[in-house]
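So the chains spell out like this:
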There are 2 protein chains.
Amino acid sequence: MDFNTENKLFDWARGFVVDLDKNTGLSPQIETGARYLSQMKGAFHDEEAEKALLAAGDPVIYEFHRNQSRGTKGDLIFGCSIIQPGKVGDEYHMTKGHFHSPADICEVYYCIGGEGYMMLENEAGDWSCLALHDCQVCYVPKGYAHRLICTGDTPFVVFFVNHAECGQNYGAIETKGFHKLLVERDGRPAIIDNPKWAE
Amino acid sequence: MDFNTENKLFDWARGFVVDLDKNTGLSPQIETGARYLSQMKGAFHDEEAEKALLAAGDPVIYEFHRNQSRGTKGDLIFGCSIIQPGKVGDEYHMTKGHFHSPADICEVYYCIGGEGYMMLENEAGDWSCLALHDCQVCYVPKGYAHRLICTGDTPFVVFFVNHAECGQNYGAIETKGFHKLLVERDGRPAIIDNPKWAE
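Residues numbered from 1 in each chain as written. Chains lettered and ligands numbered in written order. Predicted model: local features only at pLDDT ≥ 70, side-chain atom pairs only at ≥ 80, totals over all residues. Heavy atoms only, no water.

Visitor: Could you clarify how one ought to interpret the sheet that holds strand β12 (residues 144-150) of chain B in this entry?
Guide: Where strands meet in a sheet, backbone hydrogen bonds hold them as pairs that are either parallel or antiparallel. Residue and element names in this part refer to chain B. Read across the open sheet, the three strands follow the order β10-β9-β12; overall the sheet is antiparallel. Each of the sheet's edge strands pairs with one partner strand only, and the pair in question is β10 (127-133) and β12. Averaged over all pairs of adjacent strands, the angle between their axes in this sheet comes to 20°, without regard to strand direction. In this sheet, β12 lies alongside strand β9 (residues 115-122) in antiparallel orientation, the contact comprising seven bridges. Its bridge partner being in β12, Asn-122 is matched across the sheet by Tyr-144. (Pairing = 2+ DSSP bridges. Helix = DSSP H or I, 4+ residues; strand = E, 2+ residues; numbered from the N terminus. Axes fitted to C-alpha atoms, helices over the stretch in contact; angles between N-to-C directions.)

Below, the structure is given as structure tokens:
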């Protein structure tokens, strides 16, 4: 039972509490968006596998909610990314990924459930791919584009917090993707070069 | 397995992952501080109960870790507050609580485990006390002092994210505490006025 509050949803002036489902990351109080395969044209490297999946019914690759205050200095936003298990060809389901705008803003993620990876790369070409599972925190540094990749059999549910003034910049990711791809090899995640970045 | 990283702990430049224990909020990679009752003199309203507990061995009221990047613009800090179950007299274990410095910075909390309350009050005297349990997010608005209170039988484990440039200001809380106290009445949490604020 709360005390001395009207329990107004998203009362950014007086504070509030919202529920997240531990298994799905969804909330009865929050509208959630879905990203379908058809909205990620060219993101996965196997075009034939993509076509076959689209013909069979256009699966949801991931869902997300982003709860934004008034966006003035000192504000934070929070939300969840929920990547559904599955692959397009040999490539695991993943988010589109983005740089921040401005670029010098970091981000903090807490994994609520499932397992996967955080793919990171910066403009200079430095990259890494960090394994992440439930009850782990991932710090995304300034200047790095980042993408979540689900490698488990259950939804990969990740809670994030960021500066409210932070925007997203897709940059070259929109057209070419990240330099590295995470695919399944012998039943395990493996890194390959993204052919779109080959000269 | 990570890819293309040396797994350096707290690599704020390239990113990193740390583990949190779901039940304790502690991490094998993070040093954690403890706040003993003897370090919270006068925070609880029942001085006799406080004396008796101190004589019996000075219990840990809460633990915390706070992981801070270089603190420049665009950085975030994260950490956990872990409030141990228990009472001092009829008053539930709680954190000291603080305002932010500067005051116009909000904060986001995600409850990992246990149950309790977020007590909020601003300089103008507006207050509320929000129930919070595992898998819920609490948004702490700008300008409000905030304190976590454990009302369950297990540790109240709360993960927080905030702007790295945010400091803590104890203000009048240091000497008088919050205007309202959360105590047990008939086995349930109830609000009473803090006698120190009475005229």
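There's plenty left to go through after this.
Visitor: Help me understand the interface of chain B and chain A, please; the structure alone is not making it clear to me.
Guide: Interface size is commonly expressed as the accessible area that is lost once the parts come together. Opposite the 55 residues of chain B that make contact, chain A presents 55 residues. Note on chain B versus chain A: buried area summed over both sides is about 4,800 Å², and carbon and sulfur give 60% of it. Linking chain B with chain A are four salt bridges. Measuring nitrogen to oxygen at the nearest pair gives 3.7 Å for the salt bridge that ties A:Asp75 to B:Lys142. The interface formed by chain B and chain A contains 31 residue pairs in polar contact (both at pLDDT 80 or more). Looking at the side of chain B that touches chain A, the elements that each hand over two or more residues are β1 (16-19), β4 (76-83), β8 (107-113), β9, β10, β11 (136-140), β13 (156-163) and β16 (188-193) of chain B. With seven residues, β10(B) is the largest single contributor of residues to the side of chain B that touches chain A. (Contact = heavy atoms within 4.5 Å. Buried area = accessible area lost by both parts, 1.4 Å probe. Salt bridge = Lys/Arg side-chain N within 4 Å of Asp/Glu carboxyl O. Polar contact = N/O pair within 3.5 Å; in protein donor to acceptor, adjacent residues only side chain to side chain.)

Visitor: Is there a simple way to think about the relation of the copies chain B and chain A in this case?
Guide: Two copies of a chain can be linked by a rotation about an axis combined with a shift along that same axis. Superposing chain B onto chain A takes a rotation of 180° plus a shift of 0.0 Å along the axis, which leaves an RMSD of 0.0 Å. Each copy turns onto its partner about a two-fold axis. For chain B, the residue whose C-alpha comes nearest the rotation axis is B:Val161, separated from it by 3.3 Å. Here 100% of the contact residues of chain B are again contact residues in chain A; the copies associate through an equivalent surface. (Least-squares fit on C-alpha atoms with pLDDT ≥ 70 in both.)

Visitor: Honestly, empty space enclosed by the protein in this entry has me stumped. Any pointers?
Guide: Over the atoms rolls a probe the size of a water molecule, and in doing so it shows where empty space is left. By the definition in use, this model includes two cavities of 30 Å³ or more. When contributions to the lining of the largest cavity are tallied by element, the ones reaching two or more residues are β8 (107-113) of chain A together with β8 of chain B. Among the elements that make up the lining of the largest cavity, the one with the highest residue count is β8(B) (three residues). For the lining of the largest cavity, a count of residues per class yields seven nonpolar, no polar and two charged. In this structure, the second largest cavity occupies an estimated 50 Å³ of space. Every residue lining the second largest cavity is listed: B:Gly42, B:Ala43, B:Phe44, B:His45, B:Arg147, B:Lys176, B:Gly177, B:Phe178, B:Leu181, B:Asn194 and B:Lys196. For the lining of the second largest cavity, the per-class residue count stands at four nonpolar, four polar and three charged. (1 Å grid on protein atoms, 1.4 Å probe; cavity = no way out; pocket = protein on both sides within 12 Å on 5 of 7 lines; lining within 4 Å. Points joined across faces, edges and corners; volume = space filled by probe spheres on them. Nonpolar A, V, L, I, M, F, W, Y, C, P; charged D, E, K, R; others polar.)

Note that all results are geometric; they support no functional claim without further evidence.
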